[in-house]
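A closer look at the structure
Each chain is listed here by its residues.
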Protein chains: 2
Amino acid sequence: MAPKRNEPDLSFLLDHTSHILRTQMSAALAEIGLTARMHCVLVHALEEERTQAQLAELGDMDKTTMVVTVDALEAAGLAERRPSSRDRRARIIAVTEEGARIAGQSQEIVDRVHREALTSLPEPDRATLLQALNQLTEGHLATPAESPRPARRARQ
Amino acid sequence: MAPKRNEPDLSFLLDHTSHILRTQMSAALAEIGLTARMHCVLVHALEEERTQAQLAELGDMDKTTMVVTVDALEAAGLAERRPSSRDRRARIIAVTEEGARIAGQSQEIVDRVHREALTSLPEPDRATLLQALNQLTEGHLATPAESPRPARRARQ
DNA sequence: TATTGTTATACTCTATAACTATA
DNA sequence: TATAGTTATAGAGTATAACAATA
């Protein structure tokens, strides 16, 4: 049987919920001067010594996007670039004391926004939702379809 | 209890699944020369006589984005702009015969991509997932938080 | 005065390419 | 030769502003 039209479908539901959640998360983090990327880098950099490339990989960012993000963290006094002792090409992102404090706050904000979003769900459905999304992520929605993107021209 | 770190959270899961599904949908629709927006406009325009503004509202697009989308549909011979008999400012988007045929195909593609995505889920979880997402959409994830965007300067 | 659709374009975001220093 | 990080900028996507026609 064909699905009824005008009924929210999976695409709409995922697009809508992820978009709204993202705006709420951005707004909440903005109150302490962070973007979601800055939060992501702070948290991962706190866990252990990591280079920009490693942090970019973890946060699924381009290395050039990471440059901008680390610039912002440095400007805010939350992190510092330090030369790696192992590889003089690489830079370790060291979180400052203030950065660690802010990271604690931002993690609380992230958790709170998630909690608040899920409050409209009955208890048992929350676990099922997260589990189902996890399964999709590992199943047919693991890898992106490639879009035939035109290559960019060389710089003049 | 604080959530364990490095565990996929709601933000990651929604972002990831919606992004992957979107790439798959784009790739699948591209095979018949459509974008998701073109499909969306075609389907809604087929249901009843609708103006660009109404279609923009339904598809959550800016009116200027709608202009581009309708241009593409016209160029592909799938739809035509016709003056509204009620309001001479407005234009009805009329789907051509070929457009209706393509809309049928694109709807099949959309349904197939959704079906395929959900195959990794056990039967009972599918309904729960869709229901839970629906509830989020109507609950705390109904309306976007507003981001303080700087106003754009006037044209020179 | 407000609204529909159009055009032009400003702005954001992201990624590519080229580069330097190092491996 | 390959990789880490930087810089500059191209390109896509989108929205704002201004406009003409009409309400």
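Here goes a summary of the coordinates provided. (Residues numbered from 1 in each chain as written. Chains lettered and ligands numbered in written order. Predicted model: local features only at pLDDT ≥ 70, side-chain atom pairs only at ≥ 80, totals over all residues. Heavy atoms only, no water.)

As for the overall build of chain A
Across its full length, chain A holds six helices and two strands. In sequence order, the secondary structure elements of chain A are arranged as α-α-α-α-β-β-α-α. The proportion of buried residues among the 156 residues of chain A is 40%. Pairs at least 24 apart in sequence give 50% of the contacts found in chain A among residues at least 6 apart. Carbon and sulfur atoms make up 50% of the accessible area of chain A, which totals about 9,800 Å². (Helix = DSSP H or I, 4+ residues; strand = E, 2+ residues; numbered from the N terminus. Buried < 20%, exposed > 50% of the residue type's maximum accessible area, 1.4 Å probe, protein only. Contact = heavy atoms within 4.5 Å. Areas by Shrake-Rupley, 256 points an atom, 1.4 Å probe, with all protein chains shown as cover.)

Topic: helix H1 (residues 10-30) of chain A
The end-to-end C-alpha distance of H1(A), which contains 21 residues, comes to 30 Å, matching closely the 30 Å that a straight helix rising 1.5 Å per residue would cover. Looking at where H1(A) begins, the residue whose side-chain oxygen comes 3.2 Å from the main-chain nitrogen of Ser11(A) is Asp9(A). (Expected span 1.5 Å × (residues − 1). Polar contact = N/O pair within 3.5 Å; in protein donor to acceptor, adjacent residues only side chain to side chain.)

Section: the pattern of salt bridges
Residues and elements named next belong to chain A. Under the definition given, this model contains 20 salt bridges over all chains. The partner of Arg50 in a salt bridge is Glu47, and the shortest N-O contact between them spans 2.7 Å. Given the relative accessible area of 12%, Arg50 is considered buried. The closest approach of N and O atoms between Arg82 and Glu80, which form a salt bridge, is 3.3 Å. The class of Arg82 is partly exposed, set by a relative accessible area of 44%. Salt bridges linked by common partners bring Glu47, Glu48 and Arg50 together as one network. (Salt bridge = Lys/Arg side-chain N within 4 Å of Asp/Glu carboxyl O.)

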